[in-house]
Amino acid sequence: MIGLISATAAGTVARDRLAAAWPGRTVVYEGPVREAVQRAFAECEQLVCFLATGAVVRLLAPLLSDKASDPGVVCVDEAGRHAVALLGGHGGGANALAGAVGEVLGAAPVVTTATDAAGVPGLDMLGLPVEGEVAGVSRAMLDGARVELRADAVWPLPPLPANVSPGAGGGAVLRVTDRIVELGARTAVLRPASLAVGVGASKDAPAEEVLGLILDALHEAGLSPLSIAELVTVDAKADEPGIVAAASQLGVPLRTYAADELARIEVPNPSGAPLAAVGTPSVAEAAALAAGGELLVPKRKSNPAGRAAMATCAVVRRSPRGRLAVVGLGPGARDLLTPRAREELRRASVLVGLDQYVDQIRDLLRPGTTILESGLGAEEERARTAVAEARKGHAVALIGSGDAGVYAMASPALAEAGADIDVVGVPGVTAALAAAAILGAPLGHDHVSISLSDLHTPWEVIERRVRAAAEADIIVTFYNPRSRGRDWQLPKALSILSEHREAATPVGVVRNASRPDESSRVTSLAALDPATVDMMTVVTVGNTATREIAGRMVTPRGYRWQSATAAPAQEGAE
């Protein structure tokens, strides 16, 4: 929850705007400011104070305890011009909160955390547990000093600065390992989520026995509990209190498998006891192996004093899985690039894309990002490259214009990708939608997009689709309408549509939608000159109900057309 505190009339206005924008996420603290801050600090994960930073510093000083537990605090000035991340930039999420507050209030976020300001990912913001001398290694990364990267495998991490590399030498070391290692001076260790722990337990096994067994097994194997990804067991033990409590204390999820699934897995140490109890000769080992990976710790039992063991565990190590994000950049305007797309671009250590699209977002990439760009006509090569890089264990972003799944890179990439990598789709604003917003409301009823390029689709198939849309009276948006070497397809498609639609049917033509040299016009099916159209153009042909009103294309939501004079009286009707 986010606590909101203000002291002045202007601050209260801004506070209430934020509360209205985030219902259910915020709590307004009234009363004397000092008491309000004290209560909010004790009760909330984050605070937004509409107060001077100096005042907030004095109020917070006696309350501070530890950077790992203190809430994140953002200050907004009296004029609402700046949202300052004052406390808990990373751990408390204040840096991200300052940006979110800025978006709502129109304030500029002020972030002074060194790594964020330099565009370098903080070691505590990589999504992995980190221990050791984090501050010292981070300082070396920022200063450009050599930092030796020692990783047991390639993990899909965000890009690291060029001064962080294997064999770099120097005094600072960044390790990526699930093994217990000596934390020497200027050494930080990132813990990948590489271990799955299979757990079996008798009814009412104590949580301390289950947890103690897991920790002892990992310690004896030289493995860090910070690298546990999940606990796994049989369905019958999904609600076993000791197992559930152990997962909770470790801060990891608990996943279960059906007994018949586990019974089919060959294990080194089967037993008749679990077979009789839950229907499988192995729980701990079989569940661990079902989670996937190499068996590092075979089944072992707990060893309580004075009674029989009530818990078993086994540990597997998973190989790293690369990550492929297929990212739609939108039609070109920076403000139509989604926040999720921005996040994925900064998360990727490898970027693959068409050179002109890479140029659009190059400034958003973190230092150290590997860029693999190529020219027009190399779509399949780019798809294969992106998948190959993900299979090496990297975090990869494959970019395309508009939505990457619409006439773009998602299809060839996912045709190449198997189940051995993680794939994430990031939607983008399509050219059809961007053009429609410029034209008015041409897509108010059923509509279809058809590419007129016969490079990948035979013309006979394209023509059949155009005829179907024409006969069904569906609005049509043509992609790739005309190029220098392909100038007859658009006239042919328009002629097919004209067999079923009036010559006056509105047609919208938009070139370079949302870009600086954008141009648009509304014409008619009879008046459109195909020679004025090129590959950077989107052509939208209305249906029989589409009208031009005040220079805009408008298609009603239904087929009962309402005149312009009657429309205001019907506003809001469904």
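Computed from a prediction, not measured in an experiment: that's the story for all the values here. (Residues numbered from 1 in each chain as written. Predicted model: local features only at pLDDT ≥ 70, side-chain atom pairs only at ≥ 80, totals over all residues. Heavy atoms only, no water.)

As for the sheet that holds strand 23 (residues 447–451)
Link 1 in the chain: Strand order in this open sheet of five strands is 23-24-27-25-26, and the pairing throughout is mixed. Sheet topology places strand 23 and strand 26 (519–524) at the edges, where each strand pairs with a single neighbour. The sheet shows a mean angle of 20° between the axes of neighbouring strands, direction not considered.
Link 2 in the chain: In this fold helix 18 (residues 489–498) packs onto strand 24 (475–479) and strand 27 (537–541), with an angle of close to 175° to the strand it touches most, strand 24. (Pairing = 2+ DSSP bridges. Helix = DSSP H or I, 4+ residues; strand = E, 2+ residues; numbered from the N terminus. Axes fitted to C-alpha atoms, helices over the stretch in contact; angles between N-to-C directions. Contact = heavy atoms within 4.5 Å.)

Quick look at helix 1 (residues 9–21)
Link 1 in the chain: Compared with an ideal rise of 1.5 Å per residue, which puts 13 residues at 18 Å, helix 1 spans 19 Å between its outermost C-alpha atoms and is within 8% of the ideal.
Link 2 in the chain: The inward-facing, buried residues of helix 1 abut strand 1 (2–6), strand 2 (26–28), strand 3 (46–50) and helix 4 (94–105). (Expected span 1.5 Å × (residues − 1).)

Here we look at the packing of aromatic side chains
Link 1 in the chain: Evaluated as defined, the whole model comprises two aromatic pairs.
Link 2 in the chain: Aromatic pair Tyr407 and Tyr479: ring centres 4.8 Å apart, planes at 50°, arrangement tilted. Here Tyr479 lies in strand 24 and Tyr407 lies in the loop between strand 20 (395–400) and helix 15 (410–416), a separation of 72 residues in the sequence.
Link 3 in the chain: Taking relative accessible area as the criterion, Tyr407 reaches 44% and is therefore assigned partly exposed.
Link 4 in the chain: Among the residues examined, Tyr479 registers a relative accessible area of 10% and is labelled buried.
Link 5 in the chain: Measuring from centroid to centroid gives 5.0 Å for Trp459 and Trp488, while their planes differ by 70°, and the two rings are edge-to-face. Here Trp459, found in helix 17 (residues 459–471), pairs with Trp488, found in the loop between strand 24 and helix 18; they are 29 residues apart in sequence, far enough to count as distant.
Link 6 in the chain: The ring of Trp22 has Arg25 sitting right over it, with the charged end atom 4.4 Å from the ring centre. (Phe/Tyr/Trp six-rings, centres within 6.5 Å; stacked < 30°, edge-to-face > 60°. Buried < 20%, exposed > 50% of the residue type's maximum accessible area, 1.4 Å probe, protein only. Lys NZ or Arg CZ within 6 Å of the ring centre and 35° of its normal.)

A closer look at the pattern of salt bridges
Link 1 in the chain: As enumerated under the stated definition, the model contains 22 salt bridges in all.
Link 2 in the chain: The residue Arg501 makes a salt bridge to Asp473 at a minimum N-O spacing of 3.9 Å. One end of the pair, Arg501, is in the loop between helix 18 and strand 25 (506–511); the other, Asp473, is in the loop between helix 17 and strand 24, with 28 residues separating them in the sequence. One exposure class covers both Arg501 and Asp473, and it is buried.
Link 3 in the chain: Linked through salt bridges whose partners overlap, the residues forming this network are Arg15, Asp16 and Glu30. (Salt bridge = Lys/Arg side-chain N within 4 Å of Asp/Glu carboxyl O.)

Examining the environment of Leu295
Link 1 in the chain: Along the chain, Leu295 falls in strand 15 (residues 294–301).
Link 2 in the chain: Between the C-alpha atoms of Leu295 and Glu103, which are 192 residues apart in sequence, the distance is 48 Å.
Link 3 in the chain: Apart from the residues within four sequence positions on either side, Leu295 is in contact with Pro268, Glu285, Leu289, Ala314, Val315 and Val316.

Some remarks on the packing of helix 17 against helix 18
Link 1 in the chain: Between helix 17 and helix 18, the shortest axis-to-axis distance is 9 Å and the interhelical angle comes to 30°. With respect to helix 18, the element helix 17 is oriented roughly parallel. Of the two possible hands of crossing, helix 17 and helix 18 adopt the one that is right-handed. Taking contact as the criterion, the partners of Trp459, Glu463, Val466, Arg467 and Ala470 in helix 17 are, on helix 18, Gln489, Lys492, Ala493, Ile496 and Leu497. (Parallel < 35°, antiparallel > 145°, perpendicular 65-115°, else oblique. Left-handed = near helix turned anticlockwise from the far one by under 90°.)

Re the environment of Pro159
Link 1 in the chain: When you line up the elements, Pro159 lands in the loop between strand 8 (147–151) and strand 9 (164–165).
Link 2 in the chain: On a C-alpha basis, the gap between Pro159 and Leu126 in space is 9.9 Å, while along the polypeptide they are 33 residues apart.

Considering the state of the cysteines
Link 1 in the chain: In the structure shown here, the tally under the stated rule is zero disulfides.
Link 2 in the chain: In this structure Cys49 is not part of a disulfide, and its nearest cysteine sulfur, from Cys75, lies 5.4 Å away.
Link 3 in the chain: Classification of Cys49 by relative accessible area gives buried; the value is 0%.
Link 4 in the chain: Looking at Cys75, the relative accessible area reads 1%, which means it is buried. (Disulfide = S-S within 2.5 Å.)

Overview of the pairing of strand 25
Link 1 in the chain: In terms of burial, strand 25 is largely enclosed, as five of its six residues are buried.
Link 2 in the chain: Direction of pairing for strand 25 relative to strand 26: antiparallel, over a ladder of six bridges. Across the sheet, Val509 pairs through a bridge with Arg521, a residue of strand 26.
Link 3 in the chain: As paired strands, strand 25 and strand 27 are joined by five bridges and run antiparallel to one another. If you follow Val509 over to strand 27, its bridge partner there is Val539.

Here's the deal with the pairing of strand 10 (residues 172–176)
Link 1 in the chain: Across the five residues of strand 10, four count as buried, placing the element largely inside the fold.
Link 2 in the chain: Of the strand pairs in this sheet, strand 8 and strand 10 are connected by five bridges, and their pairing is parallel. Of the residues in strand 10, the one forming a bridge with Arg150 is Arg175.

Details of the confidence of the model for the protein chain
Link 1 in the chain: Confidence along the protein chain averages 90 in pLDDT terms, with 96% of residues attaining 70 or more.
Link 2 in the chain: Here residues 564–574 scores under 50 on pLDDT; set against residues more than four positions off or in separate chains, the count is three contacts. (pLDDT = per-residue confidence, 0-100.)

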